[in-house]
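The chain contents come next:
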Amino acid sequence: MEQTNLYPKKQQIQEIYDAYRPIFAEIMGNIESRLRLTISLSSMPTYKSRIKSFKSYYRKVLRQKADEAETSKTLVTLTDMMGIRVICAFLEDIQLAVEQIKQNFDVKEVEYKGAEQNFREFGYESIHVLVAIPKECRPRNCDLPLPENLVCEIQVRTILQDAWAEVEHELIYKTEFTPFDMPLRRKLASMNASLSLADIIFQEIRDYQKKLQGEVTARRESFYEKVDEFTHAGESREKTRRVEQKNLTRVSPYVHGTIDDMILEAIQAHNRGELDAALAIYSQILDSTPEPPPPVLAVIRKHRGMAFFAKGMYDESLNDFTESVKNDPKGFRSYYYLGIVYSVMDKNDLAVQAFDKSLELNEYQSHAHYRRAVSYFKLGDDSKALADVTAAEQLGLEDDDCAALHEKIVKKMGMSM
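Numbering of residues starts from 1 in every chain and runs along the sequence as written. Whole-chain, interface and lining totals are the exception, using all residues; otherwise, since this is a predicted model, local features are given only for residues with pLDDT of at least 70 and side-chain atom pairs are given and counted only at 80 or more. Heavy atoms throughout the structure, all of them, feed into the side-chain values; hydrogens and water do not.

Draft legend 1. Highlighting the overall build of the protein chain. Under the scheme used here, helices are H or I runs from DSSP no shorter than 4 residues and strands are E runs no shorter than 2 residues, and both carry numbers assigned from the N terminus. For the protein chain, the count of helices and strands is 15 helices and 5 strands. Accessible area is worked out with a 1.4 Å probe on protein chains only. A residue is then buried under 20% of its type maximum, exposed over 50%, and partly exposed in between. Taken across its 417 residues, the protein chain has 45% of its residues classed as buried. What makes two residues a contact is simply this: any of their non-hydrogen atoms within 4.5 Å. For the protein chain, long-range pairs separated by at least 24 residues make up 66% of all intrachain contacts whose partners lie at least 6 apart in sequence. Surface accessibility of the protein chain: about 23,400 Å² in total, with carbon and sulfur atoms responsible for 51%. The method behind every accessible area is Shrake-Rupley, applied with a 1.4 Å probe, and residues are considered shielded solely by the protein chains displayed.

The structure is reproduced here in structure tokens:
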């Protein structure tokens, strides 16, 4: 009795698949380039691309029970023949990346891998997005027909999710025996849980940094406005720069009660105008035992110096900024703040020295050049004042006060603009 061949011929399938591999590579390269141009996250993602190996492809074709007639002349399409990974640093970037993919591609399906697992199970989490091949991403010269249902799988993961997936693939899917014993399975589950927790903590730290940076920006703007008030340099400027103040919010339970938490609370109090409360918190940190390390002392002294300045306590402010640069000799901002306080106290020779040091550490500070120009002008050194105000404008400072000073210097020197 003649036996009917129920399975497709492997050699024929491989010949067809190998013929398409260069086409897949070109398509993936084009899609990855489009992803790089259209995805914008809080940190630069990395990308990995791969074409499914024929061995894995063939196994799937067999599982789909494709017959010989179907595979002898045409390509059997799978959804994961082409895969691109978008690997993000933080959890917050994942959904943002998915939304941007939806905006720039024809999305056929979005699958949340690992979402169905309960807390006793282990496995990687990942979002898989299937996209149609855009016309502009198709090969220009292609002798083979592209199937209508051809898609590219875009996987979006964090760095830790990707690391887990790579290791799990080696331990589980590429070996004949997987861990059967409960202790081994528990160890794998524990590792997966640890990586998931690490992702959550990284995100909480990121959220905390954003909150702190927002408050620092608001406090710095307030400081500069106070300087304008004292120096009468900003009378023509609209007072619209102040960042909206927000109520104190605990961002992460993991940092409650720490120095970071106290700094955030002090800066928020400062931004609300509660200067005495802010000073009390800064002083509490400085008086703590053991004494904070020099980098921390530099930061606290800088912040407290700004609070003292806001209260008009210039001697105390100078002392704090001086101590700040002692603890961090590369702290160009603290030198800059020293210069501002000296200029407000009309000690312009000392102000110039402080601005000199700040610009020596970071020459690309447009505001430092402008402030030094003001001090030079008050000292009667018009040529140096002109050089500094010109440098400030060349560095991109578009400011009415800067332009007015420039004009004033030119008129005084009898020059034409």
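Draft legend 2. Structural view of the sheet that holds strand E3 (residues 107-113). Pairing between two strands requires that DSSP report at least two bridges joining them. With respect to topology, 5 strands assemble into an open sheet ordered E1-E2-E5-E4-E3, the strand pairing being mixed. With one partner strand each, in any of the chains shown, strand E1 (46-51) and E3 form the two edges of the open sheet. The mean inter-strand angle of the sheet, taken between neighbouring strand axes irrespective of direction, is 20°. Taken together, the 6 bridges between strand E4 (residues 126-132) and strand E5 (residues 151-158) define a ladder with antiparallel strand orientation. Bridge assignment links His-128 to a residue of E5, and that residue is Gln-155. Sheet contacts for helix H4 (residues 91-104): strand E2 (82-88), E3, E4 and E5; angle to E5, the most-contacted strand, approximately 160°. Lines fitted to C-alpha atoms define the axes here, with helix axes fitted over just the stretch in contact, and angles between the N-to-C directions of these axes take values from 0 to 180 degrees.

Draft legend 3. Representation of the pattern of salt bridges within the structure. Basic side-chain nitrogens of Lys or Arg form a salt bridge, by our definition, when they fall within 4 Å of a carboxyl oxygen of Asp or Glu. Within this structure, the stated rule accounts for 23 salt bridges. Here Arg-85 makes a salt bridge to Asp-162, at a shortest N to O gap of 2.8 Å. Of this pair, Arg-85 sits in strand E2 while Asp-162 sits in helix H5 (residues 159-173), placing them 77 residues apart in sequence. In this structure, the salt-bridge partner of Glu-407 is Lys-411, at a minimum N-O distance of 3.2 Å. With a gap of 4 residues between them, Glu-407 and Lys-411 both fall in helix H15 (residues 400-412), about one helical turn apart. Among the ionic contacts, a cluster of salt bridges with common partners joins Lys-48, Arg-85, Arg-157, Asp-162 and Glu-166.

Draft legend 4. Structural detail: the confidence of the model for the protein chain. Per-chain confidence: the protein chain averages 82 in pLDDT, with 82% of residues scoring 70 or above. Known as pLDDT, the predictor's per-residue confidence is scaled from 0 to 100. By mean pLDDT, helix H3 (residues 68-71) is the weakest element of the protein chain at 52, and helix H12 (residues 348-361) is the strongest at 96. Note on residues 118-123: pLDDT is under 50 here. Beyond four places in sequence and across chains, it has 14 contacts. Taken together, the stretch residues 233-256 has pLDDT below 50 and engages in 52 contacts with residues farther than four places along the chain or on a different chain.

Draft legend 5. Fine view of the pairing of E4. When you tally the buried positions in E4, you get 7 out of 7 residues, the bulk of the element. Relative to E4, E3 runs antiparallel, the two being bridged by 6 bridges. The partner of Glu-109 across the bridge, within E4, is Leu-130.

Draft legend 6. Representation of unusual backbone geometry. Phi at Asp-346 is positive, roughly 65°, even though this residue is not glycine. Its location among the elements puts Asp-346 in the loop between helix H11 (332-344) and H12.

Draft legend 7. The packing of aromatic side chains, seen in detail. Classification of ring pairs rests on two measures: the distance between centres of Phe, Tyr or Trp rings, Trp counted by its six-membered ring, which must be within 6.5 Å, and the angle between planes, read as stacked under 30 degrees, edge-to-face over 60 and tilted in between. In this structure the tally under the stated criterion is 10 aromatic pairs. For the pair Tyr-17 and Phe-54, a centre-to-centre distance of 6.1 Å together with 45° between the ring planes defines the contact as tilted. Of this pair, Tyr-17 sits in helix H1 (residues 10-38) while Phe-54 is found in helix H2 (residues 54-63), placing the two residues 37 residues apart along the sequence. Take Tyr-17 and Phe-54: they sit in the same class, and that class is buried. For the pair Tyr-20 and Phe-24, a centre-to-centre distance of 5.9 Å together with 25° between the ring planes defines the contact as stacked.

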